[in-house]
Amino acid sequence: MKTIGQIAAELQGYDPQALSAVQVNEFLARLVEPVADVESVSVFGALGRVLADDVTSPISVPPHDNSAMDGFAFAGHQLVQGQPLKLKLKGTALAGKAWEGNVRPGECLKIMTGAIMPGGLDTVVPLEFVRIEGDGIEIPADVVKPGDNRRLLGEDLMAGQPALARGDLLGPAALGLVASLGLPELRVFRRLKVAYFSTGDEILSLGESPREGAVYDSNRYTVFGLLHRMGIEVVDMGVVRDEPEALETAFRQAAEQADAIITSGGVSMGEADHTKAMMKQLGDVAFWRIAMRPGRPMAVGRIQRPGRSSILFGLPGNPVAVMVTFLAFVRPALRRMMGARASDPVLLRARCGEALRKKPGRTEYQRGIVTTEPDGTLKVRTTGNQGSGVLRSMVEANGLIVLHHGQGHVAVGDEVDVMMFDGVI
Ligand code: AMP
Ligand code: MG
């Protein structure tokens, strides 16, 4: 396990007073490790978990050639371009059991969707295309080609093929895929546990009476939501007073049980409070100024307890800064800790509907409302006031406009990168 100092020494141009967003993620990628423990869960229990083993398909899916439609199965070589085809009806093949018997040239079988295609038959004409004539059918000219409407054995997965890989995040589609292979259980990384508390003497818990200069704690709720969406077990530790004993107890209790600790507040430059001092005292912690907006101050490190250690993310206090630093840095780091393969967030390109002022030399995350134009292209406008305390902007936005480190002003109509919120916020 590398110390903060060792990681810092590895990074080109590391300056804790002026880190770029890219450098922060590089640092965090070196700091965090996937949890070691693995467990077996049922398919239902696997939703949102990260796969710990590769999954190879034990069977072929589908297990037989079968019909993709309700219709009539026959041997496709009998079709002649421009000519109808008359066939005698031999019987009916239902889904779920094989039809026993032979279908010869000039004959067909009524077949239901999913029913096994008997040997020699390779084509299905949908029911609605044919005319029934006595004990047979007539297929009009050119309504099907040989091989149409047949699903091939193993076209989804062949026995022995890789189906899923270690590090895959298991969503609804993956659960269905696993079930289609007949696998009742999966090996997944254990759930991550993250403890969270808010700091600051001006922070009120819900239920407390308003008082002058105080604000209600919103960060605990946004962080709870962000963690919950990631499938992480959340330990809510409330609001912690700016007193050394209270902070020490909170950090120790958090480190005793959680893989990571997230705090908000008390890490900015001019803070006269005890949060930073306690982080320094209990852990191996770096205090950063990040070239970003909103955000900027952040503490990162490790708090050691006998036999275990927790990663510390000391986020700024401003509610929007908390969410943005979480999305930009904490979320990717937690995903690595969950065992998920590293993946950059997908950025879309949208035409900006307004001019944006932006200084090169820092990354800015503006709250954006992305819409689809009648011509199918994406357009984005900001939510207005981009103050780091304006939480309403995060509610109104459906994504973040990411103005990269080197980027300057944006003119109306310029394309910008946007990171959509779907499923995350
Ligand atoms: P700080 O980083 O502690 O200087 O806080 C910056 C700003 O964020 C101050 O205006 C705080 O009142 C506000 N703030 C800090 N923590 C919270 C919180 N948990 N909920 C809402 N606002 C907060
Ligand atoms: Mg404060």
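All of the points below concern the structure found in this document. Source: prediction; values computed, not measured. (Residues numbered from 1 in each chain as written. Chains lettered and ligands numbered in written order. Predicted model: local features only at pLDDT ≥ 70, side-chain atom pairs only at ≥ 80, totals over all residues. Heavy atoms only, no water.)

**A short note on the packing of aromatic side chains**
1) Next: What the rule picks out here adds up to three aromatic pairs.
2) Next: Aromatic side chains F27 and W288 sit 4.9 Å apart centroid to centroid with 80 degrees between the ring planes, which places their arrangement in the edge-to-face category. On the criterion of sequence distance, the pair formed by F27 in helix α2 (residues 21-31) and W288 in strand β18 (residues 283-289) is long-range, its members being 261 residues apart. As far as the burial class goes, F27 and W288 line up, both buried.
3) Next: When the ring of F197 is compared with that of F251, the centres are 5.1 Å apart and the planes differ by 70 degrees; the resulting orientation is edge-to-face. (Phe/Tyr/Trp six-rings, centres within 6.5 Å; stacked < 30°, edge-to-face > 60°. Helix = DSSP H or I, 4+ residues; strand = E, 2+ residues; numbered from the N terminus. Buried < 20%, exposed > 50% of the residue type's maximum accessible area, 1.4 Å probe, protein only.)

**Concerning the sheet that holds strand β16 (residues 233-240)**
1) Next: Here six strands make up an open sheet; going across it, the order is β16-β13-β17-β21-β20-β18 and the pairing mixed. On the outer flanks of this sheet lie β16 and β18, each paired with one strand and no other. On average, adjacent strands in this sheet sit at an angle of 15 degrees to one another, irrespective of strand direction.
2) Next: Of the pairings in the sheet, the one linking strand β20 (residues 297-305) to strand β21 (residues 308-315) comprises seven bridges and is antiparallel in character. Of the residues in β21, the one forming a bridge with A299 is G314.
3) Next: Here α2 sits on the sheet and contacts β18, β20 and β21; the angle it forms with β20, its principal contact strand, is near 5 degrees.
4) Next: Across the sheet, helix α6 (residues 275-282) touches β13 (193-199), β17 (260-264), β18, β20 and β21, and the angle it forms with β18 is around 135 degrees. (Pairing = 2+ DSSP bridges. Axes fitted to C-alpha atoms, helices over the stretch in contact; angles between N-to-C directions. Contact = heavy atoms within 4.5 Å.)

**What to know about the environment of V240**
1) Next: Along the chain, the position of V240 falls in strand β16.
2) Next: Classification of V240 as buried rests on a relative accessible area of 7%.
3) Next: Each C-alpha atom, one on V240 and one on I203, is 8.9 Å from the other, the two residues being 37 residues apart in sequence.
4) Next: Ignoring any residue separated from it by four or fewer positions in sequence, one finds V240 in contact with F197, S198, T199, G200, A246, L247 and A250.

**Quick word on the nonpolar core**
In a soluble, globular protein the nonpolar side chains are often hidden away together inside.
1) Next: I262, F313, F329 and L334 are the most contacted members of the largest nonpolar core, which totals 56 residues.
2) Next: Sort the elements by how many residues they give to this core and helix α7 (residues 319-337) lands first, with 12 residues.
3) Next: Those residues in contact with F329 that lie beyond four places of it in its chain are A21, V24, N25, L28, I290, M292 and M298.
4) Next: If you look at the next biggest cluster of nonpolar residues, it comprises 21 residues, including M237, A250, F287 and A299. (Core = buried A, V, L, I, M, F, W, Y, C linked by side-chain atoms within 4.5 Å.)

**Focus on the pairing of strand β6 (residues 107-111)**
1) Next: In terms of residue burial, β6 counts as a mostly covered element, since four of its five residues are buried.
2) Next: The sheet contact formed by strand β4 (residues 71-74) and β6 spans three bridges and is antiparallel. Counted as the bridge partner of A73 is L109 from β6.

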